[in-house]
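# Observations on the three-dimensional arrangement
Listed below are the residues making up each chain.
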Amino acid sequence: MAEWQGAETKILESTLDSVDRAETMVLERARVLGFDEGDLQELGIAVRECMVNAVVHGNRYNVKKSVRLCLDSAPDRFTVTITDQGNGFELHAVPDPLADENILRQSGRGILLVQAFMDEFEVRTLDPSGTEVRLVKYRRAKTEQE
Amino acid sequence: MSVRLTTRQVGDVTVIDAVGRITLGEGSSAFRDTVRDLVAKGNKRVLVNLAEVSYIDSSGIGELVSAFTTVANQGGTLKLLNLGKRVQDLLQITKLYTVFEVHEDEAAAVRTFA
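What you see is a predicted model; the values in this text were computed from it and never measured.

### Topic: the overall build of chain B
When helices and strands are counted, chain B shows four helices and five strands. Its helices and strands taken in sequence order, chain B reads β-β-α-β-α-β-α-β-α from the N to the C terminus. Over its C-alpha trace chain B gives a radius of gyration of 13 Å, about what one expects of a compact globule, namely 13 Å for 114 residues. Its C-alpha atoms give chain B principal-axis dimensions of roughly 30 × 25 × 25 Å. Within chain B, the proportion of its 114 residues that are buried is 41%. Long-range pairs, those at least 24 residues apart, make up 73% of the contacts in chain B with a sequence separation of at least 6.

### Comments concerning the confidence of the model for chain B
Averaged over all residues, the pLDDT of chain B equals 93, while 99% of them reach at least 70. Two summary scores accompany this predicted model of the complex, namely pTM at 0.89 and ipTM at 0.87.

### A short note on the sheet that holds strand E5 (residues 131-138) of chain A
Residue and element names in this part refer to chain A. One open sheet accounts for five strands, arranged E1-E2-E3-E5-E4; its pairing is antiparallel. The open sheet has two free edges, formed respectively by strand E1 (6-13) and strand E4 (120-125), since each of these has just one partner strand. Pairs of neighbouring strands in the sheet enclose a mean axial angle of 15°, with direction left out of account. Alignment of strand E3 (residues 77-83) against E5, held across seven bridges, turns out to be antiparallel. Residue pairing in the sheet places Arg77 in a bridge with Tyr138 of E5. Across the sheet, helix H2 (residues 37-58) is in contact with strand E2 (66-74), E3 and E5; its angle to E5 comes to roughly 180°.

### What to know about the interface of chain A and chain B
With 17 residues of chain A in contact, the opposing surface of chain B contributes 15 residues. When residues of the side of chain A that touches chain B are traced back to their parent elements, those giving at least two are H2 and helix H3 (110-117) of chain A. For the side of chain A that touches chain B, the element with the most residues is H2(A), which contributes five residues. Classifying every residue of the side of chain A that touches chain B gives 10 nonpolar, four polar and three charged.

### A look at the pairing of strand E4 (residues 77-81) of chain B
Residues and elements named next belong to chain B. With five bridges joining them, strand E3 (residues 45-56) and E4 adopt parallel strand pairing. Across the sheet, residue Val48 finds its bridge partner in E4, namely Leu80. Traced from E3 through helix H2 (residues 58-73) to E4, the parallel crossover comes out right-handed. Two strands pair when backbone bridges link them, and E4 and strand E5 (residues 102-103) are joined in this way by two bridges, in the parallel orientation. Bridged to Leu80 within E5 is Val102.

### Section: the sheet that holds E5(B)
Residues and elements named next belong to chain B. The sheet built from five strands is open, its strands ordered E1-E2-E3-E4-E5 with mixed pairing. Since the sheet does not close on itself, it has two edges, and those belong to strand E1 (4-10) and E5, each with one partner. Each of strand E2 (13-22), E3 and E4 touches H2; the most contacted strand, E4, lies at about 145° to it.

Conventions used here
- Residues numbered from 1 in each chain as written.
- Chains lettered and ligands numbered in written order.
- Predicted model: local features only at pLDDT ≥ 70, side-chain atom pairs only at ≥ 80, totals over all residues.
- Helix = DSSP H or I, 4+ residues; strand = E, 2+ residues; numbered from the N terminus.
- Rg over C-alpha atoms; globule rule 2.2 N^0.38 Å.
- Buried ≥ 20, exposed ≤ 12 C-beta atoms within 10 Å, placed from the backbone.
- Contact = placed C-beta atoms within 7 Å.
- pLDDT = per-residue confidence, 0-100.
- Pairing = 2+ DSSP bridges.
- Axes fitted to C-alpha atoms, helices over the stretch in contact; angles between N-to-C directions.
- Nonpolar A, V, L, I, M, F, W, Y, C, P; charged D, E, K, R; others polar.
- Right-handed = clockwise from strand over helix to strand, strands pointing away.

In structure tokens, the structure reads:
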């Protein structure tokens, strides 16, 4: 079966609607690539968390700023890159949501979920501004039994 | 689809039946409003039925935690019922299984409030 290879980039507004759009786009591509329902759920949550970070914490809903979503598939992996135009953040500065003193905090679990669900997760602060997060899900070869 | 919430009374326990997705935006704010409304009306025994919740993000998890503390701060108890596999996974990853009391049978869950 022919499948959709290569990269595709979309520029999205800094709104919560863009979170839904990004999730839909990623899941459409992931289905074509043959990811199973479990992988799709994990991808969906990871993309939502990163898009929310970009729109809410990065761009702070600023209509003059946008979020760049790039989807890139290769035979062994599916890569999603999300770039905002905010002030950036340090991954190590995020409080540990599993620490006893933080367990009842209302927020701060997004990055934890992304790390749990993706095979690779990288955060890069851009010069002069912006944050780029790269999410990778490996494409596993199907076995005879599948 | 966002979340649809309905409440019903089983004895002196209020059951919230949630259907859909609890995510940042309408879903999480609807859940927050429902719990605050219940607490304001004096309902202190709350059971959240998540059997029909297909999807929950970190914001939704945060609302569950906030609901738990809101009810507890009023001297009440909030418990969870019928978690799907995905929600179970999320509670494991976030260590919130150590916080929430989780049940699989509604009648048995209601009895634990006594």
